[in-house]
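Structure at a glance
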Amino acid sequence: MAASRRRFSGQLLTGGVIIIIGLLLLIQTTGLYDTGRLWEFVPSLFVLLGVWAIVRSRGRNLVGPVFLIVVAGTIQLLVLDVLSDAFVAQWWPLGIILVGAAIILNRARRRDVPAELVDRLDTIVAFGGVERRLASKAFTGGEVMAIFGGADIDLRDATIAPPATLNVIAMFGAAEFRVPPEWDVRLEVLPILGGVEDSRLRHPMDEDREAPDLVITGFAAFGGVEITD
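Throughout what follows, the structure given in this document is the object of discussion. Owing to the predicted nature of the structure, the values given are computational and were not obtained by experimental measurement.

What counts, and at which threshold
Residues numbered from 1 in each chain as written. Predicted model: local features only at pLDDT ≥ 70, side-chain atom pairs only at ≥ 80, totals over all residues. Heavy atoms only, no water. Pairing = 2+ DSSP bridges. Helix = DSSP H or I, 4+ residues; strand = E, 2+ residues; numbered from the N terminus. Axes fitted to C-alpha atoms, helices over the stretch in contact; angles between N-to-C directions. Buried < 20%, exposed > 50% of the residue type's maximum accessible area, 1.4 Å probe, protein only. Salt bridge = Lys/Arg side-chain N within 4 Å of Asp/Glu carboxyl O. Patch = residues over 30% accessible without salt bridge, like charges linked within 9 Å, V, L, I, M, F, W, Y side chains within 5 Å. Areas by Shrake-Rupley, 256 points an atom, 1.4 Å probe, with all protein chains shown as cover. Core = buried A, V, L, I, M, F, W, Y, C linked by side-chain atoms within 4.5 Å.

Quick word on the sheet that holds strand 6 (residues 174-178)
- Read across the sheet, 5 strands follow the order 2-4-6-10-8 without closing on themselves; strand pairing throughout is parallel. The outermost strands of the open sheet, each flanked by one partner alone, are strand 2 (129-133) and strand 8 (195-198). Pairwise comparison of adjacent strand axes, ignoring direction, gives a mean angle of 10° for this sheet.

Section: unusual backbone geometry
- The phi angle at Phe148 is positive, at roughly 55°, despite the residue not being glycine.
- When you line up the elements, Phe148 lands in the loop between strand 3 (139-147) and strand 4 (150-154).
- Notably, Phe172 is not glycine yet its phi reads approximately 55°, a positive angle.
- Structurally, the position occupied by Phe172 is in the loop between strand 5 (160-171) and strand 6.
- Among the residues examined, Phe172 registers a relative accessible area of 43% and is labelled partly exposed.

Some points on the pattern of salt bridges
- Inspection of every chain in the model, using the stated rule, returns 6 salt bridges.
- Among the ionic pairs, Glu176 bridges to Arg178, the shortest N-O distance being 3.4 Å.
- A residue is classified by how much of its surface remains accessible, and Glu176, at 23% relative accessible area, is partly exposed.
- Judged by relative accessible area, Arg178 falls into the partly exposed class, the value being 25%.
- A salt bridge links Glu188 to Arg186; the shortest N-O distance between them is 3.7 Å.
- Residue class for Glu188 comes out partly exposed when judged on its relative accessible area of 42%.
- Its relative accessible area of 41% is what places Arg186 among the partly exposed residues.

Some points on a nonpolar patch on the surface
- A contiguous nonpolar patch, built from Phe46, Phe67, Val71, Ile75, Val79, Phe127, Phe148, Phe172, Leu190, Ile192, Leu193 and Phe222 and spanning about 1,100 Å² of accessible area, is present on the exposed surface.
- Elements supplying a minimum of two residues to the nonpolar patch: helix 3 (63-79) and strand 7 (185-192).
- If one sorts the elements of the nonpolar patch by residue count, helix 3 sits on top with 4 residues.
- Relative to the elements of secondary structure, Phe46 occurs in helix 2 (residues 42-56).

Looking at the sheet that holds strand 9 (residues 214-221)
- Within the open sheet, the 5 strands sit side by side as 1-3-5-9-7. Their pairing is parallel. Of all the strands in the sheet, just strand 1 (120-126) and strand 7 have a single pairing partner and so form its edges. In this sheet, neighbouring strand axes are inclined to one another by 5° on average, regardless of whether the strands run parallel or antiparallel.
- Strand direction decides the pairing type here: strand 7 and strand 9, joined by 8 bridges, are parallel. Residue pairing for strand 9: Val185 is matched across the bridge by Leu214.

Some words on the nonpolar core
- Membership of the largest hydrophobic core comes to 25 residues, with the highest contact counts inside it found for Phe139, Leu155, Leu166, Phe177, Trp183, Leu214 and Ile216.
- Counting residues per element, this core draws most heavily on strand 5, which supplies 5 residues.

A look at the environment of Val42
- Note on placement: Val42 falls in helix 2.
- Accessibility expressed as a relative area gives 21% for Val42, which makes it partly exposed.
- Counting along the chain gives 30 residues from Val42 to Ala72, while the straight-line C-alpha distance between them is 9.0 Å.

Function-wise, these values are silent; they only describe arrangement.
Structural data, given as structure tokens:
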């Protein structure tokens, strides 16, 4: 049960935000309620996303989420007239200090786990980039979220435990996966004004194989997902 919650938490969060936005639009267009005031709290959704990213990574991913929280939180306070333009103009360097502190703290808390010991991939990128290399002997899949950022995942030294599943969410970002040429990868990613591509050179497939080695699901909204070797 716990593994299932970890596996689908990213999907639930993204789907929940989309449902909330859709409901607000539906209520507005049908005239049931004037949702103009509610739109003022949209920046809070991004603040919650940043907090969720920090909690999800157990404090190992700080820089991008802290940047997101600082920017979205400032916008939210400006919209609600809690802060004035003059105040922000005077104190905005404090945001740079917070991001710098997050960089130092992120470095101090980093735990370098040997690549061959990581069997499941859980990566969240927000306003930045990350490169990961896995050499697991029994890779089972995982989850990758790239929001206004990029994730470069190298699985060429990994051994798959088929059928493995990777759920990918790329929103205004990109996720690139480097896999061994002999892997049979099935792309089930939905592009929404985005791109999904398997750019590997063609190679013979094992006709006796009953299922693919790796299934990549999810969606790419204003972003892209690419498979290379």
